[in-house]
Structure formats: structure tokens, C-alpha cells
Amino acid sequence: ELQFAVIKDELTAMVDDIIRQFLNDKIYEKDQAQNWCNGISDEIIKALHQQQRGFKFVCTCTIFQKGYASMNFSSTCLWNPNQDGSVTVKYENDKMHAFVCLFGLAP
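None of these values were measured; they are calculated from a predicted model. Position numbers for residues count from 1 along each chain, tracking the sequence in the order it is written. In keeping with the predicted nature of the model, local features appear solely for residues at pLDDT of at least 70, side-chain atom pairs appear and are counted solely at 80 or more, and the whole-chain, interface and lining totals rest on all residues. Side-chain figures throughout are based on the complete set of non-hydrogen atoms in the structure, without hydrogens or water.

J.: So what exactly am I meant to see when it comes to the packing of aromatic side chains here?
T.: Pairing of aromatic rings covers Phe, Tyr and Trp, the last through its six-membered ring, and needs centres within 6.5 Å; plane angles under 30 degrees mean stacked, over 60 mean edge-to-face, and all others mean tilted. Taken as a whole and judged by the stated rule, the model has 4 aromatic pairs. Here the aromatic rings of Phe4 and Phe55 are separated by 5.9 Å at their centres, their planes lie at 90°, and the arrangement is edge-to-face. Placement of Phe4 in helix α1 (residues 4-23) and of Phe55 in the loop between α2 (30-51) and β1 (56-65) is noted, with a sequence separation of 51 residues between them. Exposed residues in this analysis have more than 50% of their type's maximum accessible area, buried residues have under 20%, and partly exposed residues fall in between, with area computed by a 1.4 Å probe over protein chains only. Using a relative accessible area of 11% as the deciding quantity, one classes Phe55 as buried. Ring centres 5.9 Å apart and planes at 15° place the aromatic pair Phe64 and Phe99 in the stacked group. In this pair, Phe64 sits in strand β1 while Phe99 sits in strand β3 (residues 96-105), placing the two residues 35 residues apart along the sequence. Of the two residues examined, Phe64 and Phe99, each falls in the buried class. Numbering of helices and strands starts at the N terminus; helices are DSSP runs of H or I of at least 4 residues and strands are runs of E of at least 2.

Scope: geometric values only; no functional claims are made or implied.
What follows is the structure, encoded as C-alpha cells:
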């Protein structure tokens, strides 16, 4: 029986590494932010597909410029808490914030 909790820490580290590969040493550019979001999400899903974890994964990525505005987001779903799970990885540098949410659902 698949259990998301067993791989949660490993997935969190992998997502964090991928975010940093894309965003370290970058400044926020509104014309590039969508490309970075797409690239981060695609790279995470490719890495998970190669590992054949047996879960169905959903990945979201949000990047926004640092400033005086605030942002709140939430997600919810109906799932089996004994098998399914999620991780949220936050990243920030001097110019931007990024959030990646990864959901793993056992088949």
C-alpha cells in the first residue's frame, strides 16, 4: 500500500532543489515569471515520472514579485489521509517569492 508520508521529506527536498535551479541568482522579471513557473512544474513532474512512484501527482507553481502587496492561497481536496498527501515548498530571494504545491494521490 502506497503511503505519501514515507516519501514526503524526499519530495520536499527534490522540489526545493528544482526551484533553486531555476530561480537562484535571478531577479523578478514579469515577462519570464510564467516561463519559470512552467519550467519548474514540468521539471518536477518529469523527475517524478522517471521515479515511477505509483502516485498521481498534481503540481502548481506561483511566482510573484516582492513588494507591499499580500497574497493568500488555499487548496483542498477529498482524499484518503492514510495514503495521499501534499507538500508546499516556499522560496524567496531579494526580489521574489515562489510557492510550489505538490499533491500525491494513490491510485
